[in-house]
Each structure stands twice: as structure tokens, then as C-alpha cells.
Amino acid sequence: MKTGREYDLRHRCHDSAYILKRWRAVARAARFETTTLHTTPEGYPIYLFRTPRHAEGGLYLSAGVHGDEPAPVAALIDWAEDNLAVLRRSNACLVPLFNPAGLDRNTRADHEGTDLNRNFNNVGHPHTGAWLRAVEGRRFSCGVTLHEDYDAQGVYAYEVSRDPALSTQPFLQEAEKWLPRDSRSWIDGFPARSGVIKRSRIPKNLPGLPEALVLFQHHAPASFTFETPSEFSLARRVAAQRAIIDTAFLLHGR
Ligand SMILES: [Zn+2]
């Protein structure tokens, strides 16, 4: 096991240009269909990739909506480079780095100070507006969004599901081989049990909608958000996120 510092240096996990270059190589090798949703003023493209076998259903997976949450972004590119054959035969839509400007700055928000994850119902924002058009009318079997949390004391999940057979448990069972579950009974202001915050409907009076809830509202019968604890070792957070990504492709990527 590498320490977090070694991992950081080896993987340049806040270097958006380097990570995007690696994604272009993966896209060529795995024969993705690439949509550039938007290009930031610094020139960072925001990619939406569709695997060669993409069709109705399948997996929706995203990372890097918040720039100060590097483990999911590092885990997803590492996983993709190691799983080109899986990607070629999968049915998936990937948005691997939604906020490249924020990742570069190590800020939650984008270059304009906007929290993108409160804007997924905003057609007027250039990133989320392009995202809404790209996924319009599309149904996935499951939506998975990857995040991190500074207050977390372990890995935890938000689960919204219309189908009791679709749950975050198989994902968390794999992730907890690397990190404990967050055992608090209240997480982020919500009641939680064994690291799961369950919701059956969209809460009212939200200032703007996160990606996971827009996916649940219009695009998928279940939408899961996984959070790794920012203060834990980067290597363990990346390993836990990789375990979640593995499970997502295994269960929903076909
Ligand atoms: Zn986040």
C-alpha cells in the first residue's frame, strides 16, 4: 500500500490537463463516442463518453463534480486504463471529470465560484445545460455519482431507489474492504443507517438540484452517490472508489 503522499505525486491527482490527456487515450483505445459538453475558459474540455455498446439502459457514472474531491477522479481513470476490454463490451455513459477547473484549483466550486452540483436542473449554465441536452430522453438502469466529504468518518452513500432490488449494499460491501463505513446515525443532516442515507422522493425546497436527483427524476430507477472520507489516506480512498466502480460495471454496465 502506497502512502497518500506517494500516491499524490505518482498520479498528479489535481492535474486536470494530465488526467484529461489520459482520458483521450482511453477513449481512443476503448473506442468511445466522445461528446465535449463544454470547454472552460482555461481550455479544459468536459467530456461525456459513451462506450461502443451503449444503448437504452446501462450505467451512468460520473466523478469530479466537486474539485476538492480527487479520489474518485483518480480512481476512475486508473480503473479505466486497467479495464479497456471491460469498457469495450460495456453499456455505459461516463462523465469522468465534470469540473476540471475546480480540480486544478482544489476548490469545490468551478472557476466562477458556482457549485455545479446545485445546478443540474439549470439549463442556463453552460456545463449543466449541455449535460441536460446530452442525456435528454435517455434512461439508464442505474446512476452512480462519486464524491468525497471532509466531515465523513468512513465511506457512506445516498440511496434513492424505486426498486427494492437496487441498493447500495453490494457497493458498500466491496468498498468496506478498504475503508470502514461511516457509522454515525446522522450524516450531513440526514438520518443514516450503516452508512446509508435513504430517500424515496426528491426533497422539496432545494435551492438547486444535484446530479443524483436529476438522474433519479428523469433518467434512472435508482441513483446512488458514494462519499469517501477526505481526511483518510488517499490510497485507501482511491482503492475504495475503485471497488465501487468495479461493482457499478459488474451490476449495471451491460
Ligand atoms: Zn462532492
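Provided above is the structure to which this section pertains.
Throughout what follows, the structure given in this document is the object of discussion. A quick note: this is a predicted structure, and the numbers were derived from the prediction, not measured.

This part is about unusual backbone geometry. At Arg31, a position not held by glycine, the phi torsion is positive, near 60 degrees. Assignment of secondary structure puts Arg31 in the loop between helix H2 (16-29) and strand S1 (33-39). Here Arg31 falls in the exposed class, since its relative accessible area comes to 55%. Of note in the backbone geometry, Asn106 takes a positive phi value of approximately 55 degrees without being a glycine. Mapped onto the secondary structure, Asn106 falls in the loop between helix H5 (100-105) and helix H6 (126-135).

Attention shifts here to the pattern of salt bridges. The final tally for this structure, using the stated rule, is 13 salt bridges. Across the salt bridge formed by Arg237 and Glu148, the nearest N and O atoms sit 2.7 Å from each other. Placement of the pair is Arg237 in helix H9 (residues 234-252) and Glu148 in strand S5 (residues 142-149), with a sequence separation of 89 residues. Residue Arg237 shares its accessibility class with Glu148, and that shared class is buried. One salt bridge in this structure joins Lys177 and Glu174, with 2.9 Å as the shortest N-O distance. The class of Lys177 is exposed, set by a relative accessible area of 57%.

This part takes up the packing of aromatic side chains. The tally for this structure, following the rule as stated, stands at 13 aromatic pairs. Look at Phe224 and Phe226: their rings are 6.4 Å apart centre to centre, the planes differ by 75 degrees, and that puts the pair in the edge-to-face class. Overall, Phe226 belongs to the buried group, its relative accessible area being 0%. Over the face of the ring belonging to Tyr18 we find Arg12, whose NZ or CZ atom lies 3.9 Å from the ring centre.

Here we come to the side chain of Glu159. Tracing the sequence through the fold places Glu159 in strand S6 (residues 156-161). Ignoring anything within four residues of it in the chain, the contact list for Glu159 reads Leu166, Ser167, Thr168, Val196, Ile197, Lys198, Arg199, Ser223 and Phe224.

If you trace the backbone, Ala74 turns up in helix H3 (residues 70-82). Separated by 46 residues in sequence, Ala74 and Phe120 place their C-alpha atoms 23 Å apart. The residues touching Ala74, leaving out its near neighbours within four places in the chain, are Cys13 and Val238.

Empty space within the largest pocket amounts to approximately 570 Å³. Residue lining of the largest pocket: 29 residues in total, with Arg108, Arg118, Tyr158, Asp188 and Glu227 positioned closest to the centre. Taken together, the residues that form the lining of the largest pocket break down as 9 nonpolar, 8 polar and 12 charged.

For the zinc ion, the full set of protein donor atoms is His66 (ND1), Glu69 (OE), Glu69 (OE) and His147 (ND1), and the range of their distances to it is 2.0 to 2.3 Å. Classification of the site at the zinc ion as irregular follows from its 4 donor atoms and the range of 58 to 145 degrees in their angles at the metal. Donor residues for the zinc ion, ordered by position in the chain, follow H-x2-E-x77-H. One end of the pair, His66, is in the loop between strand S3 (59-62) and H3; the other, His147, is in strand S5, with 81 residues separating them in the sequence. Each member of the pair, His66 as well as His147, carries the same accessibility label: buried.

Calculation criteria
Residues numbered from 1 in each chain as written. Predicted model: local features only at pLDDT ≥ 70, side-chain atom pairs only at ≥ 80, totals over all residues. Heavy atoms only, no water. Helix = DSSP H or I, 4+ residues; strand = E, 2+ residues; numbered from the N terminus. Buried < 20%, exposed > 50% of the residue type's maximum accessible area, 1.4 Å probe, protein only. Salt bridge = Lys/Arg side-chain N within 4 Å of Asp/Glu carboxyl O. Phe/Tyr/Trp six-rings, centres within 6.5 Å; stacked < 30°, edge-to-face > 60°. Lys NZ or Arg CZ within 6 Å of the ring centre and 35° of its normal. Contact = heavy atoms within 4.5 Å. 1 Å grid on protein atoms, 1.4 Å probe; cavity = no way out; pocket = protein on both sides within 12 Å on 5 of 7 lines; lining within 4 Å. Points joined across faces, edges and corners; volume = space filled by probe spheres on them. Nonpolar A, V, L, I, M, F, W, Y, C, P; charged D, E, K, R; others polar. Donors = N, O, S within 2.8 Å, 3.2 Å for Na, K, Ca; no water. Tetrahedral: all angles 85-135°; square planar, octahedral: opposite > 155°, others 65-115°.

Any link to function would need more than the numbers given here.
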